[in-house]
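# Structure assessment
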Amino acid sequence: MLALQLLFAALVTAALDDEVRCREIDFALSVARQDEAAFAQFLHPEIRFLGREGEKIGREAFVNQWAPFFADDGPRIDWRPERVMVLHRGDLAVSRGPYRVISRQDSETLEQWGEFMSIWEKSEDGWMVIYDVAAQVGITPTDAQIALLDTGACGS
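What counts, and at which threshold
- Residues numbered from 1 in each chain as written.
- Predicted model: local features only at pLDDT ≥ 70, side-chain atom pairs only at ≥ 80, totals over all residues.
- Heavy atoms only, no water.
- Helix = DSSP H or I, 4+ residues; strand = E, 2+ residues; numbered from the N terminus.
- Buried < 20%, exposed > 50% of the residue type's maximum accessible area, 1.4 Å probe, protein only.
- Contact = heavy atoms within 4.5 Å.
- Salt bridge = Lys/Arg side-chain N within 4 Å of Asp/Glu carboxyl O.
- Lys, Arg positive; Asp, Glu negative; His and termini not counted.
- Polar contact = N/O pair within 3.5 Å; in protein donor to acceptor, adjacent residues only side chain to side chain.

## Re the overall build of the protein chain
Helices and strands together make up the secondary structure of the protein chain, namely four helices and seven strands. Scanning the protein chain from its N terminus toward the C terminus, one meets helices and strands in the order α-α-β-β-α-β-β-β-β-β-α. The burial tally for the protein chain puts 35% of its 156 residues in the buried class. Within the protein chain, counting contacts between residues at least 6 apart in sequence, those at least 24 apart form 53% of the total.

Below you can see the structure in the form of structure tokens.
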């Protein structure tokens, strides 16, 4: 009986991990499409994040921080979850993975890689990002991380 309970718990956790992974990918794709309204819907109203001037709180502040990525002539960012872990209660999750920012300076194209970490909270509105941070900046990506960014929509 214990073995069945453990198997069931593992299956539920794997399903929740996949659910968060898909949310993270959809979150990234909202930025790739430059859909600011869709982007904002992934953010918890009280999201906390490290901004240029230190820790910030709130959806509006987060959207304002990301405004350059929605400008036609702004930098582009893409990311994908490499690791997702839903905590045992099933209402908090952590996702981590690589991100890439492509920008232009003068006539030169610059590419910067890093790793992000997002904490997701499950609410009646679904999974929402409650904390976000660039965990590492200036990494050299692995071949697997580069390939990961070619992942399309969840399930494709």
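After that view, the rundown keeps rolling.
## Section: the pattern of salt bridges
Taken as a whole and assessed by the stated rule, the structure comprises seven salt bridges. The salt bridge partner of Glu82 is Arg83, with a shortest N-O separation of 3.1 Å. Between Arg83 and Glu115 there is a salt bridge; the shortest N-O distance is 4.0 Å. On the criterion of sequence distance, the pair formed by Arg83 in strand β4 (residues 83–86) and Glu115 in strand β6 (residues 108–123) is long-range, its members being 32 residues apart. When its relative accessible area of 11% is taken as the criterion, Glu115 is described as buried.

## With respect to the environment of Thr151
Residue position: Thr151 is located in the segment after α4 (143–148). Classification of Thr151 as partly exposed rests on a relative accessible area of 26%. It is 7.7 Å that separates the C-alpha atoms of Thr151 and Arg80, two residues lying 71 residues apart in sequence. Those residues in contact with Thr151 that lie beyond four places of it in its chain are Ile25 and Arg80.

## Overview of unusual backbone geometry
Of note in this structure, Gln34 is not a glycine but carries a positive phi near 55°. Residue placement: Gln34 occurs in the loop between α1 (2–32) and α2 (36–41). One non-glycine residue, Asp106, lies in the positive phi region at around 60°. Counting through the fold element by element, Asp106 comes out in the loop between β5 (92–105) and β6.

## Considering the side chain of Asp17
Within the secondary structure, Asp17 sits in helix α1. Put simply, Asp17 is tucked away with no salt bridge, and the nearest opposite charge, on Arg21, sits 5.8 Å away. Within the structure, Asp17 has its side chain in polar contact with the backbone nitrogen of Val86 (distance 2.9 Å). With residues up to four places along the chain from it excluded, the contact list for Asp17 reads Val84, Met85 and Val86.

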